[in-house]
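# Geometric and topological summary
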Amino acid sequence: MGLQRFAAEAVSGLTVAIVALPLAIAFGITATGTPEGALVGLYGAIFAGFFAAVFGGTPGQVTGPTGPITVVATGVIAAHGLEAAFVAFILAGGFQILFGLCRLGSLIRYIPHPVVSGFMGGIALIIILGELDQAQKSFLLVAVTIVLMLVSTRLIRSVPASLIVLVAVTALLPLAADWLGNVTVGPVPLNTAVDYIGKIPEAVPTINTPDLSGSSILGLLLPALSIALLGSIDSLLTSVVMDNITGTRHRSNRELVGQGIGNIASGLFGGLASAGATVRSVVNIKSGGRTAFSAATHSVVLLVFVAGLGVVVQYIPLAVLSGILIVTAFGMFDWDTMKKAHVSPKGDVVVLFATMAITVVIDLTVAVAVGVLLSFAVHLVQSRRRTASIVKDDTAYQIHGPLSFLSTDAVFTTLRADKPELSLSLANVSYLDMSGAKALLTFIDHSDRDGVELTITDLPPHIENRLSDLASAEQQARLVAAVESR
């Protein structure tokens with residue numbers, strides 16, 4: 001690694017650490033229900049983040065406590081206690097390593113886009129619902145935090161909005177405390193009670209020896225398996241997002257092994273179970289991080305923060321963290337897909353909202369399983385042929401059959417070749433679902449970015465209409481250019 005690349009990776013790691021700091025604290029407190037949970041969240045970002053970066057299979061991916069993992073971890077901690085939960089996190093890491101060695105990571109390619117959208121939307125709703133108590137108790141402060149987050153995001157791009165708001169509100173709140181206590185809307189006083197994190201212990205992390213007796217392990221196997229499944233799905237979905245941004249291809253099974261090692265380390269050091277974090281990973285890429293070094297650096301920087309953090313963290317209001325989490329949750333919704341629901345395939349829309357509802361009402365892993373089964377059912381109704389295939393003739397590639405979630409990975413892996421020109425015929429595509437359309441539009445985007453002269457020939461009207469309906473304005477322009485170039 002050259003000096004310039006080294007510097008870029010280090011700066012990116014510092015940037016991501018600043019983004020991760022308030023989120024790790026907020027997720028840790030949410031999971032444990034106590035201010036001391038701030039350290040649990042930070043240790044998760046430090047230890048899971050470092051080891052997953054070093055041993056994982058997605059360069060630049062940042063691991064730490066996430067919304068989905070926090071939701072499940074909260075239930076485990078409530079049912080079994082914090083010390084037992086650490087054992088569950090270690091067992092979950094063992095399951096993830098087993099998943100990777102059994103090459104189960106390859107199955108991520110078969111999770112349909114509507115299931116991913118519904119799953120993330122359901123998680124967002126769970127986070128928002130979980131913060132309603134704090135929002136009711138300190139309504140004005142939560143509202144101010146949300147407004148400042150939205151304004152900061154638009155006005156200041158160089159510094160994370162969450163950090164700006166966290167520092168600004170924490171610093172200014174003592175000056176405004178008396179005024180806040182007297183604010184009313186008409187005759188109705190607003191609730192402005194302010195709770196603070198309080199001082200967290202400042203100590204060098206040490207390995208905790210968990211109680212691994214047979215009876216305790218048996219009772220934690222199912223919770224651990226649930227964490228492992230959810231963490232694996234969450235991490236690999238983030239890996240797919242990273243692939244879409246960078247145009248590279250992650251190594252799913254190695255990523256699972258890395259995540260497993262990370263969660264084992266996190267549990268041993270008293271940290272929260274973690275997974276690949278989409279927002280933090282995207283920040284890393286946008287900040288110039290391209291390798292594991294930047295992601296590992298983020299964890300090292302957080303460890304430095306923790307060494308002297310207790311004195312500062314104790315003054316952070318819980319309502320500010322609540323506001324940050326609510327804004328983060330709203331950002332998890334797949335707004336682009338939901339805005340296109342009225343022109344999307346009806347079966348895919350049903351899958352999306354069914355997955356979202358089941359995630360909130362029943363269980364996260366159940367929601368994903370039901371969503372995938374529903375997607376299979378929709379596919380069977382729409383097309384008797386299971387997958388699409390690629391045929392290469394003298395002049396072009398031809399796609400034959402239904403371009404659905406069952407085929408997209410194989411089809412576009414074949415097409416993703418280092419060629420300056422590529423001609424693609426869609427005349428024999430019998431059916432195009434939301435996953436197929438999104439994958440094709442992404443492929444067009446990457447071809448344009450990489451300087452590949454892509455020509456699309458024989459575009460049937462029903463395929464063209466669906467692509468146009470689901471494309472953004474920029475994607476529509478690229479699609480038109482590819483079609484008109486023939």
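Given the structure is predicted, the values throughout are model-derived calculations rather than measurements.

Next up on the list: the overall build of the chain. The number of helices and strands found in the chain is 21 helices and eight strands. Taken over the C-alpha trace, the chain has a radius of gyration of 23 Å; the compact-globule value for 486 residues is 23 Å, and the two agree within 12%. For the chain, the spread of C-alpha atoms along the principal axes amounts to about 75 × 60 × 50 Å. When the 486 residues of the chain are sorted by exposure, 52% land in the buried category.

Across the sheet, which stays open at both edges, the four strands sit in the order β5-β6-β7-β8 with mixed pairing between neighbours. Edge positions in the open sheet fall to β5 (389-392) and β8 (453-457), since each of these has one partner strand only. Each strand of the sheet is rotated relative to its neighbour by a mean of 25 degrees, with strand direction disregarded. As judged from the five bridges shared by strand β7 (residues 421-432) and β8, these two strands associate in the parallel manner.

With that out of the way, let us pick up the nonpolar core. Within the largest apolar cluster, 91 residues are counted, with the highest numbers of intra-cluster contacts made by Ile25, Phe89, Phe119, Ile197, Ile227 and Leu321. In contact with Phe89, other than residues within four places in its own chain, are Ala73, Ile227, Asn263, Ile264, Gly267, Gly271, Leu272 and Ala273. Core analysis: the next-biggest nonpolar cluster, separate from the first, contains 29 residues, Ile399, Leu403, Phe412 and Leu415 among them.

Side chains that differ in sign of charge can pair as their charged atoms come close. Under the criterion given, the structure shown has four salt bridges. Note that Arg249 and Asp409 form a salt bridge whose closest N and O atoms lie 3.2 Å from each other. Here Arg249, found in the loop between α9 (214-246) and α10 (252-268), pairs with Asp409, found in helix α18 (residues 408-415); they are 160 residues apart in sequence, far enough to count as distant. Taking the shortest distance from any N to any O, the salt bridge between Arg449 and Asp450 comes out at 3.0 Å.

Here the focus is a nonpolar patch on the surface. A surface patch of nonpolar side chains, amounting to about 530 Å² of accessible area, comprises Leu129, Leu132, Val360, Val361, Ile362 and Val366. Following the sequence through the fold, Val360 ends up in helix α16 (residues 346-361). Note on Val360: relative accessible area 31%, which makes it partly exposed.

Attention now moves to the confidence of the model for the chain. Taken as a whole, the chain shows an average pLDDT of 85; of its residues, 91% reach a score of 70 or greater. Scored below 50 in pLDDT, residues 185-189 shows three contacts in the model against residues more than four places distant or in partner chains.

Residue position: Asp334 is located in the loop between α14 (318-332) and α15 (335-339). Of the polar contacts made by the side chain of Asp334, one reaches the side chain of Ser117; its length is 2.6 Å. When neighbours within four sequence positions are excluded, Asp334 is seen to be in contact with His113 and Ser117.

Within this structure, the stated rule accounts for 12 aromatic pairs. Taking the centre distance of 4.0 Å and the plane angle of 5 degrees together, the rings of Phe47 and Phe269 count as stacked. Of the two residues, Phe47 sits in helix α2 (residues 37-55) while Phe269 sits in the loop between α10 and β4 (275-276), which places them 222 residues apart along the sequence. Assessed through its relative accessible area of 10%, Phe47 is described here as buried.

Our focus in this paragraph is the pairing of β7. Where strand β6 (residues 397-403) and β7 come together, six bridges link them in parallel fashion. By the bridge assignment, Gly401 is partnered in β7 with Val429.

The next subject is the packing of helix α5 (residues 113-130) against α14. In the contact formed by α5 and α14, the axes pass within 8 Å of each other and the chain directions differ by 165 degrees. Judged by the angle between their axes, α5 and α14 are roughly antiparallel. Considering how the two elements wind past one another, α5 and α14 form a crossing that is left-handed. Residue-level contacts link Met120, Ile123, Ala124, Ile127 and Ile128 of α5 to Leu325, Ala329, Phe330 and Met332 of α14. Residue composition of the contact of α5 with α14, by class: nine nonpolar, no polar and no charged.

Looking now at helix α20 (residues 461-470). The periodicity of an α-helix, 3.6 residues per turn, causes residues three or four places apart in sequence to face the same way. Of all the residues in α20, the buried ones are Ile463, Leu467 and Leu470. Down the axis of α20, the buried side of the element spans an arc of 75 degrees, and every buried residue falls inside it.

Trans is the common state for peptide bonds, and a negative phi is the common state for residues other than glycine. Although it is not a glycine, Arg103 adopts a positive phi angle of roughly 65 degrees. Residues other than glycine seldom take positive phi values, yet Asp458 does so here, at roughly 50 degrees.

All right, on to the environment of Ala45 then. With respect to the helices and strands, the residue Ala45 is situated in helix α2. Once residues within four sequence positions are removed from consideration, Ala45 is found in contact with Ala24, Phe50, Thr63, Gly64, Pro65, Ser274, His298, Ser299 and Leu302.

This next bit is on the environment of Ala273. On the secondary structure map, Ala273 appears in the loop between α10 and β4. Accessibility expressed as a relative area gives 0% for Ala273, which makes it buried. Sequence-wise, Ala273 and Leu101 are 172 residues apart; in three dimensions their C-alpha atoms are separated by 20 Å.

With that settled, the discussion passes to the environment of Ile390. Tracing the sequence through the fold places Ile390 in strand β5. Excluding anything up to four places from it in sequence, Ile390 contacts Tyr397, Gln398, Ile399, Val411, Thr414 and Leu415.

With that settled, the discussion passes to helix α1 (residues 3-32). Taking 1.5 Å as the rise per residue, α1 with 30 residues should run 44 Å; its terminal C-alpha atoms sit 42 Å apart, in good agreement. Of all the bends found along α1, the most pronounced is centred on Ala20 and spans about 35 degrees, while Pro22, a proline, follows it within four residues. After α1 finishes, the residue Gly33 shows a positive phi value of roughly 75 degrees.

So, how was this worked out
Residue positions are counted from 1 within each chain, in the order its sequence is given. The predicted nature of this model means local features are confined to residues of pLDDT at least 70 and side-chain atom pairs, given and counted, to a pLDDT of 80 or more, with totals for whole chains, interfaces and linings taken over all residues. Each side-chain value is derived from all of the structure's non-hydrogen atoms; neither hydrogens nor water enter the calculation. For helices the rule is a DSSP run of H or I covering at least 4 residues; for strands it is a run of E covering at least 2, with both sets numbered from the N terminus onward. Only the C-alpha atoms count toward the radius of gyration. The rule for a globule is 2.2 Å times the residue count to the power 0.38. Categorising residues by exposure relies on relative accessible area from a 1.4 Å probe, with only protein chains included: less than 20% of the type maximum marks a residue as buried, more than 50% marks it as exposed, and the intermediate range marks it as partly exposed. Any two strands are treated as partners once DSSP identifies two or more bridges connecting them. Whenever a helix is involved, its axis is fitted only over the stretch in contact; in every case the axis is a line through C-alpha atoms, and angles between N-to-C directions fall within 0 to 180 degrees. Side-chain atoms within 4.5 Å link the members of a nonpolar core, which is a set of buried Ala, Val, Leu, Ile, Met, Phe, Trp, Tyr and Cys residues. Note on contacts: a residue pair is in contact if any heavy atoms of the two residues lie within 4.5 Å. Should a side-chain nitrogen of Lys or Arg be within 4 Å of a carboxyl oxygen of Asp or Glu, the pair is scored as a salt bridge. Nonpolar side chains (Val, Leu, Ile, Met, Phe, Trp, Tyr) are joined into patches within 5 Å and like charges within 9 Å, using only residues with over 30% relative accessible area and no salt bridge. Only the protein chains shown count as cover for residues, and all accessible areas are computed by the Shrake-Rupley method using a 1.4 Å probe. Each residue carries a pLDDT value, the predictor's own confidence for that position, ranging from 0 to 100. Two N or O atoms count as a polar contact when they lie within 3.5 Å, although within protein this holds only if one can serve as hydrogen donor and the other as acceptor, and sequence-adjacent residues are included solely when both atoms are side-chain atoms. By convention, a stacked pair of Phe, Tyr or Trp rings (six-membered ring in the case of Trp) has centres within 6.5 Å and planes under 30 degrees apart, an edge-to-face pair has planes over 60 apart, and any other such pair is tilted. Small angles under 35 degrees read as roughly parallel and large ones over 145 as roughly antiparallel, with 65 to 115 read as roughly perpendicular and the rest as oblique. The sense of a crossing depends on the near helix, which, turned anticlockwise from the far helix by less than a right angle, makes the crossing left-handed and, turned clockwise, makes it right-handed. Under this grouping Gly is polar, as are all residues other than the nonpolar Ala, Val, Leu, Ile, Met, Phe, Trp, Tyr, Cys and Pro and the charged Asp, Glu, Lys and Arg. Here, the arc refers to the directions that run from the helix axis to the C-beta atoms. Residue count minus one, scaled by 1.5 Å, sets the expected span of a helix. Note on bend: the value at a residue is the angle between axes fitted to the seven residues ending there and to the seven starting there.

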